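# Notes for the structure review
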Amino acid sequence: MTRKPTLAVVGATGAVGSVMLGILSTRKDVWGEIRLIASARSAGRRLRVRGEEVEVQALTPEAFDGVDVAMFDVPDEVSAHWAPVAASLGVVVVDNSGAFRMDPQVPLVVPEVNPAQIRNRPRGIIANPNCTTLTMMDALGALHRRWGLTELVVSSYQAASGAGRPGVDRLFQELRVVAANDSLGQAPGDIRRAMAESLGDEPSPFPAPLALNVVPWAGSGKDGGWTSEELKVRNESRKILQIPDLRVSATCVRVPVVTTHSLSVHAVFQHEITVDQARRALTEAPSVVVVDDPEHGEFPTPADVVGSDPTFVGRIRQALDFPNTLELFICGDNLRKGAALNTAQIAELVAEEFQAD
């Protein structure tokens, strides 16, 4: 006899959590009860999921009583503590934080690329990749299966929402300053001075103004001048694609876009690959949409992709001076496939385990 498992959404009141609730309300309903969990200060709020209002519970061990699967979208330190607690109570945890991604006992999963890894979870935890890495994984996975990826050089153009709600709020604050002064951006430092005068000491998640600007820094600083975001692209790509010696170099840049990350990808393959072959393989991939007709102005942009589930790929070119190498431009909504959707897809695969033979 089959039963629908009970799902908990931990961090239901956050930016990604709210997207998760929307996704759960529109995808195939494989769940019995859906329980919403958040911090104590959010307990008692009522949120809508599957057409019903559900009261948010405080994050406690008792909140996991009777839960089969839990999707976590909370800060790293919260996941590091509470995900093992939930797992010890028999819950399969699908975690969207960075706390467990590189743990060798925790699979890092993209369902279109390495779904079999879901069952390899000795700690009872499955990790969801970083949104920047996820933006390109569907496309690269489809190409790697046939031609063998050996090198990646990636430049990211990351949306403000990658820094959470504070990032979006700050971008709109800065845009209001810009809208009030149409002479900005014409003299060195004038944007920075205008932000200081208008916004004062109000903290920003960005190290420089984002409006009318690009900021070549995303994440925290690491050894050698790299950032945490850049190292995630390298380390997570290796783990997901199961290429431990994959050569990767990434530069992560923040751009004044609300939601949807973009990446310029220089991908080197072991075997000869043509643009037509790559285009066919990408077109056949179930979660990839090819938009690649530059002569008619057709290529992916964040403004056209935001709110969509697939990965969008365009500007597919054979590198002129590098054999077996393609240049790609890839866009994906960082709150959907880059976070909430991939987490939900993993959880749905776990839900299948509750179906009796």
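Preceding this paragraph is the structure being described.
These notes cover the structure that comes with them. In this text, all values refer to a predicted model and were calculated from it rather than measured experimentally.

## A closer look at the sheet that holds strand β9 (residues 149-158)
Consider a sheet: its strands pair through backbone hydrogen bonds, and that pairing is either parallel or antiparallel. In space, the 6 strands of this open sheet follow the order β10-β9-β11-β14-β13-β12, with mixed pairing throughout. In this open sheet, the two edge strands, each paired with only one partner strand, are β10 (247-254) and β12 (288-290). Averaged over neighbouring strand pairs, the angle between their axes works out to 25° when direction is ignored. Bridge count for β9 against β10 is 8 bridges, and the pairing is parallel. Note that in β10 the partner of Gln158 across the bridge is Arg254. Along the sheet, helix α6 (residues 228-241) makes contact with β9 and β10, crossing β10 at roughly 135°.

## Focus on the environment of Trp31
Tracing the sequence through the fold places Trp31 in the loop between α1 (15-26) and β2 (34-38). Of the residues examined, Trp31 reaches a relative accessible area of 4% and is grouped as buried. Not counting the four nearest positions on each side in its chain, Trp31 is found in contact with Lys4, Pro5, Thr6, Leu7, Leu24, Arg50, Val69, Ala347, Glu348 and Ala351.

## Topic: the sheet that holds strand β8 (residues 125-127)
Strand order in the open sheet formed by 6 strands is β5-β2-β1-β6-β7-β8, with parallel pairing between adjacent strands. What marks the edges here is a single partner per strand, and that holds for β5 (57-58) and β8. The pairing of strand β6 (residues 69-72) with strand β7 (residues 92-95) spans 4 bridges and is parallel. Residue pairing across strands places Ala70 opposite Val93, the latter belonging to β7.

## Structural notes on the packing of aromatic side chains
A full pass over the atoms with the stated rule returns 2 aromatic pairs. When the ring of Phe64 is compared with that of Phe72, the centres are 6.1 Å apart and the planes differ by 0°; the resulting orientation is stacked. When sorted by exposure, Phe64 lands in the same class as Phe72, which is buried. Consider the rings of Tyr157 and Phe329, whose centres lie 6.2 Å apart with planes at 45°: the pair is tilted. Of the two residues, Tyr157 sits in strand β9 while Phe329 sits in strand β14 (residues 325-332), which places them 172 residues apart along the sequence.

## Describing the environment of Leu326
With respect to the helices and strands, the residue Leu326 is situated in strand β14. On the basis of relative accessible area, Leu326 is assigned to the buried category, the value being 0%.

## Some thoughts on the nonpolar core
Counting residues in each nonpolar core, the largest one holds 59 residues, and the members touching the most others are Phe64, Phe72, Met136, Leu143, Leu152, Val265 and Leu328. The greatest single-element share of this core, amounting to 8 residues, is contributed by helix α3 (residues 131-147). When neighbours within four sequence positions are excluded, Phe64 is seen to be in contact with Val10, Arg35, Ile37, Leu59, Ala70, Phe72, Trp82, Ala86, Leu89 and Val91. Membership of the second largest hydrophobic core comes to 34 residues, among which are Ala12, Val49, Ile346 and Ala347.

## What to know about unusual backbone geometry
The phi torsion at Arg50 lies on the positive side, around 55°, for a residue other than glycine. In this fold, Arg50 is placed in the loop between β3 (46-49) and β4 (52-55). Positive phi outside glycine occurs at Gln242, with the angle close to 60°. When you line up the elements, Gln242 lands in the loop between α6 and β10. Relative accessible area serves as the criterion here: at 53%, Gln242 is assigned to the exposed category.

## So, the environment of Arg146
Within the secondary structure layout, Arg146 lies in helix α3. Distance in space between the C-alpha atoms of Arg146 and Trp31 is 35 Å, their sequence separation being 115 residues. If near-sequence neighbours (up to four positions away) are discounted, Arg146 is found in contact with His271 and Ala281.

## Points about the pairing of β14
Extensive coverage of β14 is indicated by the burial of 7 of its 8 residues. In the sheet, strand β11 (residues 261-269) pairs with β14 via 8 bridges, with the strands oriented antiparallel. Among the inter-strand pairings, Val268 is bridged to a residue of β14, identified as Thr325.

## Some thoughts on the pairing of β4
Bridging between β3 and β4 involves 4 bridges; their strand directions are antiparallel. Within β4, the residue paired with Arg48 across the bridge is Glu53. Taking the residues that link successive antiparallel strands as the turn, the β3-β4 hairpin has 2 residues, and the phi of Arg50 there is positive, at about 55°.

## A few points about the pattern of salt bridges
Across all of its chains, the model carries 17 salt bridges by this definition. Here Glu348 makes a salt bridge to Arg27, at a shortest N to O gap of 2.7 Å. Of this pair, Glu348 sits in helix α9 (residues 336-351) while Arg27 sits in the loop between α1 and β2; the two residues are 321 residues apart in sequence, bridging distant segments of the chain. Residue classification places Glu348 among the buried residues on the basis of a relative accessible area of 14%. Residue classification places Arg27 among the partly exposed residues on the basis of a relative accessible area of 30%. Here Asp103 and Arg123 are joined by a salt bridge, their closest N and O atoms 2.5 Å apart. Of the two residues, Asp103 sits in the loop between β7 and β8 while Arg123 sits in the loop between β7 and β8, which places them 20 residues apart along the sequence. A relative accessible area of 32% places Arg123 in the partly exposed class. One network of salt bridges, in which partners are shared, links Arg46, Glu53 and Glu55.

Reading the values: rules and limits
Residues numbered from 1 in each chain as written. Predicted model: local features only at pLDDT ≥ 70, side-chain atom pairs only at ≥ 80, totals over all residues. Heavy atoms only, no water. Pairing = 2+ DSSP bridges. Helix = DSSP H or I, 4+ residues; strand = E, 2+ residues; numbered from the N terminus. Axes fitted to C-alpha atoms, helices over the stretch in contact; angles between N-to-C directions. Contact = heavy atoms within 4.5 Å. Buried < 20%, exposed > 50% of the residue type's maximum accessible area, 1.4 Å probe, protein only. Phe/Tyr/Trp six-rings, centres within 6.5 Å; stacked < 30°, edge-to-face > 60°. Core = buried A, V, L, I, M, F, W, Y, C linked by side-chain atoms within 4.5 Å. Salt bridge = Lys/Arg side-chain N within 4 Å of Asp/Glu carboxyl O.

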